[in-house]
Amino acid sequence: MSLIYSLGAARVTAREDVSQYGWFDQQERPDDFLAKGESIWFMYQLLSFQPGLTVALTDRWALRAATSFSFDPRALGETTPYNDAAGLAFRYLQIGLARRF
């Protein structure tokens, strides 16, 4: 079982006028509104849980199979600066090969 925390900066440029709120019409612009061509930087983070199984094939080679669930920890206490669905990631099957030197 692995627990991985990732943190980084993300830059988003709007291809069209966008808002997190679908009901946005000709009202006052909400804070998360981006006009076409505008860009914004924000911190992006994910907390990943990765249960897996590793099998040593030889003394130098190993095979690993895993699955993972990742989410933005800020979603537990407040809203995220982007659509909530963008803060979730599922990986049903990851397969890796490792070599010891």
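Residues numbered from 1 in each chain as written. Predicted model: local features only at pLDDT ≥ 70, side-chain atom pairs only at ≥ 80, totals over all residues. Heavy atoms only, no water.

A. Region of interest: the environment of Asp59. Looking at the element boundaries, Asp59 is found in the loop between β3 (52–56) and β4 (61–71). Using a relative accessible area of 61% as the deciding quantity, one classes Asp59 as exposed. With 41 residues separating them along the chain, Asp59 and Arg100 place their C-alpha atoms 7.9 Å apart. (Helix = DSSP H or I, 4+ residues; strand = E, 2+ residues; numbered from the N terminus. Buried < 20%, exposed > 50% of the residue type's maximum accessible area, 1.4 Å probe, protein only.)

B. Layout of the packing of aromatic side chains. Applying the stated rule across the entire model yields four aromatic pairs. A ring pair is formed by Phe69 and Phe90, whose centres lie 5.0 Å apart and whose planes are at 45 degrees; its orientation type is tilted. Here the residue Phe69 occupies a position in strand β4, and Phe90 occupies one in strand β5 (residues 88–99), the gap between them amounting to 21 residues. With a centroid separation of 6.4 Å and 10 degrees between ring planes, the pair formed by Phe90 and Tyr92 is classed as stacked. One exposure class covers both Phe90 and Tyr92, and it is exposed. One aromatic cluster in this structure is built from Phe49, Phe69, Phe71, Phe90 and Tyr92. (Phe/Tyr/Trp six-rings, centres within 6.5 Å; stacked < 30°, edge-to-face > 60°.)

C. Layout of the side chain of Ser48. Within the secondary structure, Ser48 sits in strand β2 (residues 39–50). The class of Ser48 is buried, set by a relative accessible area of 7%. Here the side chain of Ser48 touches Ser70 through a polar contact of 2.6 Å, side chain to side chain. Setting aside residues up to four positions removed in sequence, Ser48 forms contacts with Ser2, Leu3, Ile4, Phe69 and Ser70. (Polar contact = N/O pair within 3.5 Å; in protein donor to acceptor, adjacent residues only side chain to side chain. Contact = heavy atoms within 4.5 Å.)

D. Inspection of the environment of Ile95 at higher detail. Secondary-structure assignment places Ile95 in strand β5. On the accessibility criterion, Ile95 (64% relative accessible area) is exposed.

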